[in-house]
Amino acid sequence: MEKFFSSCSEFKTHKNIVLTINYRQHSNIEHLHYLNKLRRGECDDDSMYAYFKKRISVADLHIDPTYTRLIYTNKERNNHNAKMLANIKIKLYTYESAVKYYNDYIPNEWPFQMPQSVSLKLGAPVLCLRNIQEHDLANGTQGVIIAIDNNELTLLTRDNKTITQQIETLFDNKRNIIGECKGMPFTLAYAMTIHKVQGLTLDKIVIHINNMQFTWHLFYVALSRAQNIKYVYIITQYPFFKHFLKTITI
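If you're wondering where the values come from, they're calculated on a predicted model, not measured in any experiment.

A. Representation of the UniProt feature "domain: DNA helicase Pif1-like 2B" (unreviewed entry) in the chain in the model. The residues that UniProt annotates with the feature "domain: DNA helicase Pif1-like 2B" (unreviewed entry) are residues 115–146. End-to-end, the C-alpha atoms of residues 115–146 are 21 Å apart, and along that stretch the chain is 0% helix and 41% strand.

B. Representation of the packing of aromatic side chains in the model. For the structure shown, the criterion picks out 12 aromatic pairs. With a centroid separation of 5.6 Å and 65° between ring planes, the pair formed by tyrosine 101 and tyrosine 105 is classed as edge-to-face. Judged by relative accessible area, which is 32%, tyrosine 101 ranks as partly exposed. Judged by centre distance (5.8 Å) and plane angle (80°), the rings of phenylalanine 219 and phenylalanine 241 are edge-to-face. Taken together, the residues phenylalanine 219 in helix α4 (residues 216–223) and phenylalanine 241 in helix α5 (residues 238–246) connect sequence positions 22 residues apart. Here the aromatic residues Tyr34, Tyr49, Tyr51, Phe52, Phe219, Phe241 and Phe244 are joined through ring pairs into a cluster of three or more. Looking at arginine 55, its charged tip hangs above the ring of tyrosine 233, at a distance of 4.7 Å from the centre. For arginine 175, the ring lying beneath its charged end belongs to phenylalanine 171, and the centroid distance is 4.0 Å.

C. Inspection of the side chain of serine 97 at higher detail. Mapped onto the elements, serine 97 comes out in the loop between β3 (93–96) and β4 (98–101). With sequence-adjacent residues up to four places away left out, serine 97 is seen in contact with Trp110, Met114, Pro115, Gln116, Cys181, Lys182 and Gly183.

The rules we used
Numbers given for residues are sequential positions, taken from 1 along each chain in its written order. Given that this is a predicted model, residues contribute local features only at a pLDDT of at least 70 and side-chain atom pairs are listed and counted only at 80 or more, while totals for whole chains, interfaces and linings are drawn from all residues. By convention in this description, side-chain values take in all heavy atoms of the structure and omit both hydrogens and water. UniProt positions are given in the numbering used here, feature names are shortened, and annotations may be inferred rather than shown by experiment. In this text, helices come from DSSP runs of H or I with a minimum length of four residues, and strands from runs of E with a minimum of two, each type numbered from the N-terminal end. Put simply, two rings from Phe, Tyr or Trp (the six-membered ring, in Trp's case) pair if the centres are within 6.5 Å, and we call them stacked under 30 degrees between planes, edge-to-face over 60, tilted for the rest. Per-residue accessibility, obtained with a 1.4 Å probe over protein chains only, is compared with the maximum for each type, and a residue is labelled buried under 20%, exposed over 50%, and partly exposed between these values. Note on criteria: charge over ring means Lys NZ or Arg CZ within 6 Å of the ring centre, with the direction from the centre no more than 35 degrees off the ring normal. In what follows, a contact means two residues having at least one pair of non-hydrogen atoms within 4.5 Å.

Quick look at the structure:
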């Protein structure tokens, strides 16, 4: 077997850092308490079900559309985003990414953070997919489109940002440029996958739990995006959710 060597191995000491404060939920002790029980797998008592039961809805139809839907699969996410965008009866703008590859590089799949194509409208919520240093936007920044044309869009954020199409550069392991992509680095954010929202704080969320592929790990990640349980809806059936909680073990 080939041995692997890393410069990291030169460091003989390390320091453990223990994080002691939860800044996202620190002002809501009850929500933090049940999050911690979920994280530890302590879900076999009735108090857990009683806590979440008040936020269960068997359908999504009457929930405020400004709530972000957290969904398990990309297909479900794409379907929901397309449906919500179609409800906005104004002009659609589609940005197609322009790509160049160099040095005979031929990718097996799309290699950029930038989407190949994205369709947007005025008023749509979006998620930034890469860091844009000159605009102080990070991968994961959320905003709502308040102005849009064929060349640029303006996001409602803490300080409104007007974004033109961006250049993303692809390098090989020797730092040679092997690709460039010019496009709009955003995706619709009516719905997002749970994997994509790790690390984000979301004001209002809807969590879809519809099959046993949805694990408690995903439920914890989704639920912990919210600061307060009163801004959370859980789309599921009551018997299924009760069984779901009972199956959680560490």
